[in-house]
Amino acid sequence: MDPHALTVIEFPVFLDELASLAQTSLGAARLRALQPIHDIDSIVARRRPYQDTMRLYSAGNTPPGLAFDDVSDILRQLAPLGAAVGGDELVRCRGLLDACADAKSFLLSEICRELPTLHAWGQELQDAPDVRQALHRALDNEGLVLDSASALLADLRRRGRSLERRLQETLDNMTRQTELEGVVRDKYVTVRNGRFVIPVRREQRGSLPGVVHDHSNSGQTIFVEPSATLPMGNELADARLRERDEILRILHELSARIRVLIPALRGNTEVLSELDVALAVGRWAARDSCQIPRFGTRLKLVSGRHPLLEKQLRSEGRGGQLVPLNLALDKGTRVLVVTGSNTGGKTVVLKTVGLLTVAAQCGLPVPVGDGTELELFEELFADIGDEQSLAASLSTFSGHLNQIGRILGGAGKGRCLVLLDELGAGTDPLEGGALACAV
């Protein structure tokens with residue numbers, strides 16, 4: 001349908017409102033990308049998950065949250081054989097598997113037994129419990145590798161902690177020895193370049209044999225690892241290197257297990273994103289008392305409400321002031337002229353008809369009452385609002401003429417819904433009226 005018409009009836013704004021109800025960026029992006037279709041079979045297929053979630057919410061059920069990230073970039077990194085990613089990326093993959101497990105459990109429960117699309121999605125999800133448990137055992141929420149990841153890692157870390165304590169105690173005792181009085185700058189132990197050292201006055205360098213690892217900004221203090229603790233420091237460095245190697249091995253092993261699941265994770269992402277869309281639509285339908293309208297051979301709106309106007313009035317505490325629209329065109333009627341005073345709601349009528357029609361052709365429920373019937377349109381054209389264009393040096397009247405020309409040029413292509421607001425405005429009333437009749 002004509003992008004200009006979709007914009008002037010505020011369809012993108014409406015999709016933004018729907019997207020705000022999504023729980024994930026992927027779901028929100030899919031909602032913003034919705035486009036109307038005019039094939040009834042496709043519309044019916046698109047409606048099915050929405051009908052399920054509407055029944056779900058109307059029964060007072062609350063589905064689990066969908067807290068997962070888009071991991072497609074991580075899966076691309078992992079695709080080559082032997083590739084590995086860090087713990088934080090693996091935690092994001094774990095989050096996807098956790099969301100799958102929660103969603104699968106809910107979708108296969110008795111609650112969703114009679115909701116065919118949701119139940120089928122539950123059967124598609126693969127939560128890989130063994131891999132998920134391995135990831136939980138190995139990584140904390142920040143992606144750091146836990147001691148429980150392997151027995152060797154736990155042993156190496158125990159050894160490292162023990163060596164650190166012994167080094168700390170040994171060097172603490174050295175700083176308090178009377179023979180080093182005046183040699184040690186301060187009585188504390190610190191770490192430089194991964195080695196435990198003590199601060200020594202530069203002029204006393206020869207008084208304490210050892211390796212210099214750093215110096216202060218002023219240069220007056222050097223940080224020395226005494227020769228007496230070098231073997232213990234080397235032992236600690238070796239333990240830390242072995243710990244690093246074991247962490248890398250664990251990350252490679254976990255990455256390999258995720259690599260095997262790449263097709264499943266991509267499929268899971270697809271299902272969960274569609275589930276997020278359906279749940280957002282279901283929440284909106286429950287909140288705004290929406291229904292799935294039927295399509296027929298006439299346009300009949302019963303208690304139709306403009307969703308954006310309803311939201312605005314509700315946010316201002318004036319929800320009760322909304323006047324629903326009841327409008328019916330007899331079969332075969334091609335033109336309806338709406339007249340009335342300024343600020344009487346004529347433009348709202350046009351936008352309501354356009355927006356509800358387009359939303360319904362996206363397969364969405366819409367805020368209408370029982371008995372509503374909509375027609376299927378292949379095209380939508382609209383001339384609503386001020387069409388003035390400074391960039392094109394067009395006046396308001398010329399802008400309207402330009403847009404009407406586009407509409408007349410395209411309105412012969414299939415069945416069209418055309419919305420014209422203040423037709424013939426912006427010029428002499430008699431000339432504008434004649435132009436409107438001609439159009």
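What comes next concerns the included structure.

The rules we used
- Residues numbered from 1 in each chain as written.
- Predicted model: local features only at pLDDT ≥ 70, side-chain atom pairs only at ≥ 80, totals over all residues.
- Heavy atoms only, no water.
- 1 Å grid on protein atoms, 1.4 Å probe; cavity = no way out; pocket = protein on both sides within 12 Å on 5 of 7 lines; lining within 4 Å.
- Points joined across faces, edges and corners; volume = space filled by probe spheres on them.
- Helix = DSSP H or I, 4+ residues; strand = E, 2+ residues; numbered from the N terminus.
- Pairing = 2+ DSSP bridges.
- Axes fitted to C-alpha atoms, helices over the stretch in contact; angles between N-to-C directions.
- Contact = heavy atoms within 4.5 Å.
- Nonpolar A, V, L, I, M, F, W, Y, C, P; charged D, E, K, R; others polar.
- Buried < 20%, exposed > 50% of the residue type's maximum accessible area, 1.4 Å probe, protein only.

1. A few points about the layout of surface pockets
Thought 1: Size it by volume and the largest pocket reaches roughly 1400 Å³.
Thought 2: In terms of lining, the largest pocket is formed by 39 residues, of which the most central are Arg334, Val335, Leu336, Val418 and Leu420.
Thought 3: Broken down by secondary-structure element, the contributors of at least two residues to the lining of the largest pocket are helix H13 (346-361), helix H14 (396-410) and strand S10 (416-420).
Thought 4: In terms of residues, the lining of the largest pocket owes the most to one element, S10, which gives five residues.
Thought 5: For the second largest pocket, the calculated volume is near 210 Å³.
Thought 6: Lining of the second largest pocket is provided by 16 residues; of these, Leu309, Leu322, Val323, Pro324 and Val348 occupy positions nearest its centre.

2. Things to note about the sheet that holds strand S2 (residues 195-201)
Thought 1: Taken in spatial order, the four strands line up as S1-S2-S4-S3 in an open sheet, and their pairing is antiparallel. Every other strand in the sheet has two partners, leaving strand S1 (190-192) and strand S3 (210-215) as the edge strands with one partner each. Going across the sheet, the axis of each strand differs from the next one's by a mean of 50 degrees, ignoring polarity.
Thought 2: Here S1 pairs with S2 via three bridges, running antiparallel. Note that in S2 the partner of Thr190 across the bridge is Val197.
Thought 3: Contacts between helix H9 (residues 151-175) and the sheet are confined to S2 and strand S4 (221-226), with S2 contributing the most and set at about 10 degrees to the helix.
Thought 4: Those strands touched by helix H10 (residues 230-260) are S2, S3 and S4, and its axis lies near 140 degrees from that of S2.

3. A word on the environment of Gln133
Thought 1: On the secondary structure map, Gln133 appears in helix H8 (residues 129-138).
Thought 2: Spatially, the C-alpha atom of Gln133 lies 55 Å from that of Glu181, the residues being 48 residues apart in sequence.

4. Points about empty space enclosed by the protein
Over the atoms, a rolling probe the size of a water molecule traces out where space has been left empty.
Thought 1: Tallied over the entire structure, the rule returns one cavity of 30 Å³ or more.
Thought 2: Estimates place the volume of the largest cavity at around 50 Å³.
Thought 3: Only helix H6 (87-107) and helix H11 (262-287) provide two or more residues apiece to the lining of the largest cavity.
Thought 4: The greatest single-element share of the lining of the largest cavity, amounting to three residues, is contributed by H6.
Thought 5: Classifying every residue of the lining of the largest cavity gives ten nonpolar, no polar and no charged.

5. Focus: the environment of Asp52
Thought 1: In this fold, Asp52 is placed in helix H4 (residues 40-58).
Thought 2: Along the primary structure Asp52 and Ala22 are separated by 30 residues, whereas in three dimensions their C-alpha atoms are 17 Å apart.
Thought 3: With residues up to four places along the chain from it excluded, the contact list for Asp52 reads Leu115, Pro116, Thr117 and Leu118.

6. Some details on the environment of Ala278
Thought 1: With respect to the secondary-structure elements, Ala278 resides in helix H11.
Thought 2: Among the residues examined, Ala278 registers a relative accessible area of 0% and is labelled buried.
Thought 3: In contact with Ala278, other than residues within four places in its own chain, are Pro49, Tyr50, Thr53 and Trp121.

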